[in-house]
Amino acid sequence: MKKVNKKVAKARNLAARRDLKKRLSRKLPSSQDLLVEDETVINEEESIDEGGTVISAETPICNEQSEQLEEFAEAPLVDSEPLKVGMFTIKSFNQTLVDAAKNKEPAKLFDEFWYETETCCLYADSNVGKSILAVQIARGIANDRKVLYFDFELNEFHFKRRYSDDETKEPYKFSPNLYRVSLNYMMDAYSVEELPDQIMYNIEKSVKETGASVIIIDNLTWIAYNSRSAKMASELMKRLTALKVQYSLSMLILAHTPKRNMSKPITQNDLGGSRMLMNFLDSAFAIGCSAKDPAIRYLKQIKVRYAEMHYGEDNVWLCVIEKIRSFLMFRRIGYGMESEHLKKRKNEDKQAIIAKIKAMRSAGATLREIADELGMTIATVDRWSKL
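Structure report, in brief. (Residues numbered from 1 in each chain as written. Predicted model: local features only at pLDDT ≥ 70, side-chain atom pairs only at ≥ 80, totals over all residues. Heavy atoms only, no water.)

What follows deals with the overall build of the protein chain. From N to C terminus, the protein chain includes 11 helices and 17 strands. When contacts within the protein chain are restricted to residue pairs at least 6 apart in sequence, those whose partners lie at least 24 apart make up 62%. Element-wise, carbon and sulfur atoms account for 52% of the exposed surface of the protein chain, whose accessible area totals about 23,800 Å². (Helix = DSSP H or I, 4+ residues; strand = E, 2+ residues; numbered from the N terminus. Contact = heavy atoms within 4.5 Å. Areas by Shrake-Rupley, 256 points an atom, 1.4 Å probe, with all protein chains shown as cover.)

Turning our eyes to something else, we now look at the pairing of strand β14 (residues 283–289). Burial analysis of β14 places 6 of its 7 residues in the buried class, which makes it a mostly covered element. Taken together, the 4 bridges between strand β9 (residues 119–124) and β14 define a ladder with parallel strand orientation. In the sheet register, cysteine 121 faces β14, and the bridge partner there is alanine 284. Relative to strand β15 (residues 296–303), β14 runs antiparallel, the two being bridged by 6 bridges. Its bridge partner being in β15, alanine 286 is matched across the sheet by lysine 300. (Buried < 20%, exposed > 50% of the residue type's maximum accessible area, 1.4 Å probe, protein only. Pairing = 2+ DSSP bridges.)

On to the side chain of threonine 257. Inspection of the secondary structure puts threonine 257 in the loop between β13 (250–256) and α8 (275–280). Given the relative accessible area of 9%, threonine 257 is considered buried. There is a polar contact of 3.3 Å between the side chain of threonine 257 and the backbone nitrogen of aspartate 125. (Polar contact = N/O pair within 3.5 Å; in protein donor to acceptor, adjacent residues only side chain to side chain.)

Turning our attention to the pairing of β9. Of all 6 residues making up β9, 6 are buried, and the element is well covered by its neighbours. Across the two faces of β9 the burial is the same, with Thr119, Cys121 and Tyr123 and Cys120, Leu122 and Ala124 all buried. Pairing of β9 with β13 involves 6 bridges; the strand directions are parallel. Within the sheet, the bridge partner assigned to cysteine 120 lies in β13 and is leucine 252.

This brings us to the sheet that holds β9. Sheet strands pair by backbone hydrogen bonding; their relative direction is either parallel or antiparallel. As summarised here, the arrangement of the 9 strands in space is β11-β10-β12-β13-β9-β14-β15-β16-β17, forming an open sheet in which the pairing is mixed. Each edge of the sheet is formed by a strand with only one pairing partner; in this case those strands are β11 (178–181) and β17 (327–336). Strand-to-strand twist of the sheet, defined as the mean angle between neighbouring strand axes without regard to direction, takes the value 25°. When strand β12 (residues 214–218) meets β13, the two strands line up parallel, connected through 4 bridges. Its bridge partner being in β13, valine 214 is matched across the sheet by serine 250. Contacting β9, β10 (147–151), β11, β12, β13, β14, β15, β16 (316–324) and β17, helix α4 (residues 130–141) runs over the sheet at an angle of about 95° to β17. Taken strand by strand, helix α6 (residues 195–210) contacts β10 and β12, and its axis lies near 150° from that of β10. (Axes fitted to C-alpha atoms, helices over the stretch in contact; angles between N-to-C directions.)

Take a nonpolar patch on the surface next. A cluster of nonpolar residues, Leu83, Val85, Met87, Phe88 and Ile90, forms a patch on the protein surface that exposes about 550 Å² of accessible area. Elements with a contribution of two residues or more to the nonpolar patch: β5 (83–85) and β6 (88–90). Mapped onto the fold, methionine 87 is located in the loop between β5 and β6. Exposure remark for methionine 87: the relative accessible area of 76% places this residue in the exposed category. (Patch = residues over 30% accessible without salt bridge, like charges linked within 9 Å, V, L, I, M, F, W, Y side chains within 5 Å. Salt bridge = Lys/Arg side-chain N within 4 Å of Asp/Glu carboxyl O.)

Fair warning: the whole summary comes from geometry, so function is off the table for now.
Set out below in structure tokens:
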């Protein structure tokens, strides 16, 4: 008896949906023509429906449209099993929302800068403190989850100096959930071109064997020897994204910026010269060095996907690097505007840059090469080269 009832209900539901679909396709204006909110047609400009009636922002929804919307609201949200088509999974918007509601909200891994399950990038110039901040972030996360820190920058001696008391030589005690991964002698068996593939393979193997849910890669150049190549950057990010999805990982990737113009704000274009990397990232933030005070660093959100942009150019974090007993860290001292910490370009600076541009042009450098070297746009280089 139950089986009969289910079949009848399903048949009625399908029939109702077909009927509703026919009536909607005949009567309702397209979503480009109107937005429905609080039973009022909202449109900045007047529009004309299929019957020739002028619809203004004050025109109420007609009775038939209202009934159709009520039927939408009463229709079941949950579909049958999602449709699998090769690498695609197809399900309705409603089903997507129902499924998403079953998952917990992503946790903050580092304030608003990086959330759980995101692929995030932290980038900055050399010797600004990327690794210092990344270890500090890893320390906080390791309180309740396993973290792998792939350290391809420091050797053990340098690491010890950073995280030991200068006077007593007592080392800092990290959480047992935090693991440092470094390269060993086996790397010598591979060429420069082969090494990134082998590193990616062993990153995945390390995740599988340790069960880590968070990985930090320091830094990008070790897994992409030519990240400025759009093709290589694309292939790399596809592999990282696949790895993230397969193992439900949260990733932080550290990257260098090419030499940039310190009088201009940090932008997406400063990430290793390749916009392709930024396209695949969920979030990104950067460290800038203050021109007003060399001891000050500022943190700026560059890209966000889950949350809102809280720390953009009008509200950057201001920090100093300090060693508190045995731990080297960023200490936040307040907030500020990025413009206050950019280099002020003087006329004599401009003349020196013009001279350098002309010298590089005489030596055969292209406009793009000069722009990358000086942290300028190609158009500006071209214009200044003619002064």
